[in-house]
Amino acid sequence: MALTLAEKIFRSHLRDEPFPGTKVLDIDVVMCHEITTPIAINDLVERGKDRVFDPDRIKVVIDHVTPAKDTKTAQQGRILRDWVRRQKIKDFFDIGRNGVCHALFPEQGFIRPGYTVIMGDSHTCTHGAFGAFAAGVGTTDLEVGILKGVCAFREPKTIRININGTVPRAVYAKDIVLRIIKELTVKGATDCVIEFQGDVVKNMSMESRMTLCNMAIEAGATSGVCMPDEVTVEYLWPFISSEYANKQAALDDYKKWWSDNGCAYIKVIDLDVTGLEPQITFGFRPDEVKNISEMEGIPVDQIYIGSCTNGRIEDLRVAAGYLKGRSAASSVRGIVSPATPKVFREADEEGIIKIFMDAGFCVTNPTCGACLGMSNGVLAPGEACASTTNRNFNGRMGKGGMVYLMSPAVAAATAIEGRIADPRKLRREEL
Amino acid sequence: MKTFGGKVLFLDRSDINTDEIIPARYLTEISKDALKSHMLEDLKLEAFDPQAMQTSEARVIVSRANFGCGSSREHAPWVFEVNDINVVIAQSFARIFRQNMFNCGMLAIELPEDVIERLFSHCGGSAELIVDFNKDSFTISSAKGAESISYVISRFDKALVEAGGWVEFADARY
Ligand code: SF4
C-alpha cells in the first residue's frame, strides 16, 4: 500500500491504538525548554513520579528568557537545572551553550529522518525538515512524554505542496512560506502534515527547509516535512558517519521514509515561485499577507532579526549582505539575536557581527528574545516591529504592539529606510 | 470528573489565539492559580472588556472557528480551568489547544457552523448551558428559550475526561 512519510512514521512507531483513530506513538526525542517544562516537572514530583523514560532521549535547553530577567524566570531555570541533574540528563544547554531550541537541537544532530519528536512548543514542526514527524504539544503531553516516552495523535492527513519555478532575487524560504500560509489560511492545515516538495525545496539548504517547516503551524499543521535527501545526509554526516559505510548508504536508508508514489494526499497545491515578490504580513494573523510593493513606506520603530524561523547563519548572511556599508535609520532600533552560539561564532568569524554593529544594531546573546515579548525587545503600545519571527498576534511582542513578519532581506532593507522597504531596490553586497 | 456548565461567555470571533487567551508575559508563572486574573487580557474583540473578566461568572465559552490557535501553551486551558471554565464550544479548534483541553480532563466541543450560529442567537442577555456528559448533549437556555443540542467527541477524548486527564489515562495503561 502506498503510504505518506507521516503514515510510515506512524506505523513504525505505533505502541497502542486505545480507540479506533487514536494512535499512541513511541517518541524518539522529547525536547524541553524552561517555559513549558517546569510545571510538568512540578506535577510529576507532586504525583510521586519524579522519573524520566530515558534520560538520553530527553534534550533540554533554557532559551526563551536567558540570562534570567527576574526572580520568576530564575526560578524556572532553576527547576530545570535541578531536574536535569537529578535525572542524569546529559544533553542540557545552559548559559554559554544555549540557543533557540529549534535551531540548536538540529545543529546538535539530535533529529534524524523517521524520528518522532515532541516538545512543549508549537514550532516543534521545524524538525520535520529532516523528514521527521515533529509536533508541538502542551505541558500534559510533554509530562507523559517525559514519564512514558509516548504521545497520542490522530493519524494526520497530508497536504502536499509542490514548489517549483525560479526563485527570484531577494526572495527566500520565508517569502515562500508566507505565501503558502496566505493560501492555506491559519486553519487550512489543522490536523494535517504539510509536505514541502518540488525542485525549489530540493535545492534548498537545511536552514531554508527549517524556515519552511517552522511556519507549518501557522497554517494549523501538526508538522511540516521535507523528504530526506543528499542535503539532509550532508548536514547530518558528522553525526551519522559511524552508522553508515558512506553517504550513499545513509541516503538509501533514509529514502525508505519518502512518501510513496500514489499515496493519499487530501490536497495537492502547485506553487510556481517565478515572479514571486517578497512577502510581508499586515494584520494580526500570519495569513494576512501582502506583496512588499503594497506595504512599502509604512514606518516602524524596531527591527528584529532572529528566532527559530530566521535566526540561522544563512539568515544573518542575507541581512548582513544588505546592511554592509549602510546604517539603520536613526528612527529605528535594530536588534539581532543569532539563534545559537555556533551561529554567533560563525557570524563573528565572517565579519557579520561587525556589519550589524557598524549598522547600529544591538547584538544580543542567542535567545528567543524579542520574539514573544516576555524577555527583551518588548514594544511600547502603538509601536511596530519589522520582524523575521513567525507570529504577528496582537500583543505578541508587547501589549498594544504591532508586528510585521518578513524575511531577513526585507527586515534589513526596512532597517536602512526606517520604513517597510523592498530589498529588490538595494544591492546585496558580497560579504 | 470535572463539572461542565453554567453561564455562557460568547466570544464572537474566529482565530482567537493563545497569546490572546493568556499573553506570554505571564508564562513565567509556575503555578496555575497565578494566571487567574489575566484571562483573555489581550483579546482583540469589539466591545470586549478584559477587566470585566475579573468578576465574570462564566463557566462556558462559545466561540467561532479555529479557537486556540498559535502557541502550544497549556496555560490557555489552565487560565480557563482556574476561572472554573471547563467547557469551550467552537466551530473548530487548533489541534494542540483541543488536545490540551482533553488532556486536562476538560471539554472542547466542535459543532457545525449553523449550530454555532444558533448558539450565538442566545447571546445578548444571559445564557446558561448545562452539559449532560453521559448523553453527549447540552441544553442552552436564555430569554429566547431553551434548546437541547447533541455533540460528538471521540471515544478517546471521552475516556480522557472520564479518567481526569491524559496523565491518569496513560499512567493506568503504559
Ligand atoms: S524563537 Fe519565538 S517562536 Fe521560536 S521557540 Fe522561541 S519564542 Fe517560540
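Residues numbered from 1 in each chain as written. Chains lettered and ligands numbered in written order. Predicted model: local features only at pLDDT ≥ 70, side-chain atom pairs only at ≥ 80, totals over all residues. Heavy atoms only, no water.

Points about the overall build of chain A
Under the convention used in this document: A run of H or I in DSSP becomes a helix once it reaches four residues, and a run of E becomes a strand once it reaches two; helices and strands are each numbered from the N terminus. For each residue, the accessible area found with a 1.4 Å probe, counting protein chains only, is set against the maximum for its type, and the residue is called buried under 20%, exposed over 50%, and partly exposed in between. Whether two residues are in contact is decided by their heavy atoms: any pair within 4.5 Å suffices. Each accessible area is a Shrake-Rupley estimate made with a 1.4 Å probe; only the visible protein chains count as cover when residues are assessed.
Helix and strand content of chain A: 15 helices and 19 strands. The principal-axis extent of the C-alpha atoms belonging to chain A is close to 60 × 55 × 40 Å. Across the 431 residues that make up chain A, the buried fraction comes to 66%. Sequence separation of at least 24 residues holds for 75% of the intrachain contacts in chain A that already meet a minimum separation of 6. Surface summary for chain A: the accessible area is close to 14500 Å², and the carbon and sulfur share equals 48%.

Points about the packing of aromatic side chains
Condition: To pair, rings of Phe, Tyr and Trp, with the six-membered ring standing in for Trp, must have centres within 6.5 Å; the planes then decide the type, stacked if under 30 degrees apart, edge-to-face if over 60, and tilted in the middle.
One pass over the full model with this rule turns up 22 aromatic pairs over all chains. When the ring of F10 of chain A is compared with that of F153 of chain A, the centres are 6.2 Å apart and the planes differ by 65 degrees; the resulting orientation is edge-to-face. Within this pair, whereas F10 of chain A is found in helix α1 (residues 5-13), its partner F153 of chain A is found in strand β8 (residues 150-154), the two being separated by 143 residues in sequence. Pairing F156 of chain B with W166 of chain B gives two aromatic rings, centres 5.8 Å apart and planes at 80 degrees, and the pair type is edge-to-face. Taken together, the residues span a long stretch of sequence, with F156 of chain B in helix α5 (residues 155-163) and W166 of chain B in helix α6 (residues 166-173) at a distance of 10 residues. Accessibility expressed as a relative area gives 3% for F156 of chain B, which makes it buried.

What about the interface of chain B and chain A?
Condition: When two components associate, each loses some accessible surface as probed by a 1.4 Å sphere; the sum of these losses over both components is called the buried area. A pair is scored as a salt bridge if a Lys or Arg side-chain nitrogen falls within 4 Å of a carboxyl oxygen belonging to Asp or Glu.
Contacts between chain B and chain A engage 44 residues on the former and 56 residues on the latter. Both sides of the chain B and chain A interface together cover about 4300 Å² of buried area, and 56% of this is carbon and sulfur. Linking chain B with chain A are 10 salt bridges, by the criterion used here. Residue D191 of chain A pairs with R98 of chain B through a salt bridge whose shortest N-O separation is 3.0 Å.

Examining the nonpolar core
Worth spelling out the cut-off: Put simply, a nonpolar core is a bunch of buried Ala, Val, Leu, Ile, Met, Phe, Trp, Tyr and Cys residues held in one set by side-chain atoms that sit within 4.5 Å of each other.
If you look at the biggest cluster of nonpolar residues, it comprises 68 residues, and the most contacted ones within it are F67, F80, I89, L107 and W166 of chain B. Ranked by size, the runner-up nonpolar core spans 67 residues in total, among them V29, A134, A189 and A216 of chain A.

A look at the sheet that holds strand β10 (residues 192-197) of chain A
Residues and elements named next belong to chain A. Cut-off, in case you're wondering: When DSSP finds two or more bridges between two strands, those strands count as paired. Note on geometry: axes are C-alpha line fits, over the in-contact stretch for helices, and angles between N-to-C directions span 0 to 180 degrees.
If you trace the 4 strands from one edge of the open sheet to the other, you get β11-β10-β9-β12, paired in parallel fashion. Edge positions in the open sheet fall to β11 (223-225) and β12 (267-272), since each of these has one partner strand only. Going across the sheet, the axis of each strand differs from the next one's by a mean of 20 degrees, ignoring polarity. Sheet topology note: the strand β9 (residues 157-164)/β10 ladder contains 6 bridges and is parallel.

Here we look at the site of the ligand
Residues and elements named next belong to chain A. Under the convention used in this document: Any residue with a non-hydrogen atom lying within 4 Å of a molecule or strand is treated as near it. Any residue with an atom within 4 Å of a point lines the site, the site being either a cavity, points on a 1 Å grid over the protein atoms alone where a 1.4 Å probe fits but cannot get out, or a pocket, an open set with protein on both sides within 12 Å along at least 5 of 7 lines. The way we define it, a molecule is inside a pocket or cavity when more than half of its atoms are within 2 Å of that pocket's grid points. The classification used treats Ala, Val, Leu, Ile, Met, Phe, Trp, Tyr, Cys and Pro as nonpolar, Asp, Glu, Lys and Arg as charged, and all other residues, Gly among them, as polar. For every domain, the bounds stem from an assignment made automatically or drawn from a database.
Around the ligand, the surrounding shell consists of H64, V100, H102, D121, H123, S307, C308, C368, C371, L372, N390 and R396. Placement of the ligand is best described as lying within the largest cavity. By residue class, the composition of the shell around the ligand is 5 nonpolar, 5 polar and 2 charged. Of the domains in this structure, domain 1 (5-270) and domain 2 (280-425) are the two that each give at least three residues to the shell around the ligand.

Focus: α5 of chain B
Residues F156, D157, K158, A159, L160 and V161 of chain B constitute the buried set of α5 of chain B. Taken together, the buried residues of α5 of chain B touch β2 (22-26) and β8 of chain A together with α3 (95-103), β4 (107-110) and α6 of chain B. Positive backbone phi, approximately 95 degrees, marks G164 of chain B, located one or two places after α5 of chain B.

Re the domain arrangement of chain A
Many analyses report the size of an interface as the accessible area lost when the parts associate. All names here are of chain A. When the domains of chain A are assigned, the result is domain 1 (5-270) and domain 2 (280-425). Just the C-alpha atoms count here: the centres of domain 1 and domain 2 sit 24 Å apart. Taken residue by residue, the interface counts 38 residues in domain 1 and 39 residues in domain 2. Carbon and sulfur atoms supply 58% of the area buried between domain 1 and domain 2, which totals about 3100 Å² over both sides. Summed over the three residues of domain 1 that lose the most area to domain 2, namely V100, K174 and L178, the buried surface amounts to 18% of that side. There are 1 salt bridge connecting domain 1 and domain 2. The residue E218 makes a salt bridge to R391 at a minimum N-O spacing of 3.1 Å.

Considering unusual backbone geometry
Here T66 of chain A and P67 of chain A are connected by a cis peptide whose omega angle stands at -10 degrees. Within the secondary structure layout, P67 of chain A lies in the loop between β4 (58-61) and α3 (71-86). At D15 of chain B, a residue that is not glycine, the phi angle is positive and equals roughly 60 degrees. By secondary structure assignment, the location of D15 of chain B is in the loop between β1 (5-11) and α1 (18-21). The buried category is assigned to D15 of chain B, whose relative accessible area is 7%.

Considering the packing of helix α12 (residues 313-323) of chain A against helix α15 (residues 408-417) of chain A
All names here are of chain A. Condition: By the definition adopted for this analysis, an angle is roughly parallel if under 35 degrees, roughly antiparallel if over 145, roughly perpendicular if from 65 to 115, and oblique otherwise. Helix crossings get a hand from a simple test, with the near helix turned counterclockwise from the far one by less than a right angle marking a left-handed crossing and a clockwise turn marking a right-handed one.
Running from N to C, α12 and α15 cross one another at 30 degrees; their axes reach a closest spacing of 8 Å. In terms of their interaxial angle, α12 and α15 are classed as roughly parallel. Considering the relative orientation of α12 and α15, their crossing is right-handed. Here D315, V318, A319, Y322 and L323 of α12 come into contact with α15, specifically with P408, A409, A412, A415 and I416.

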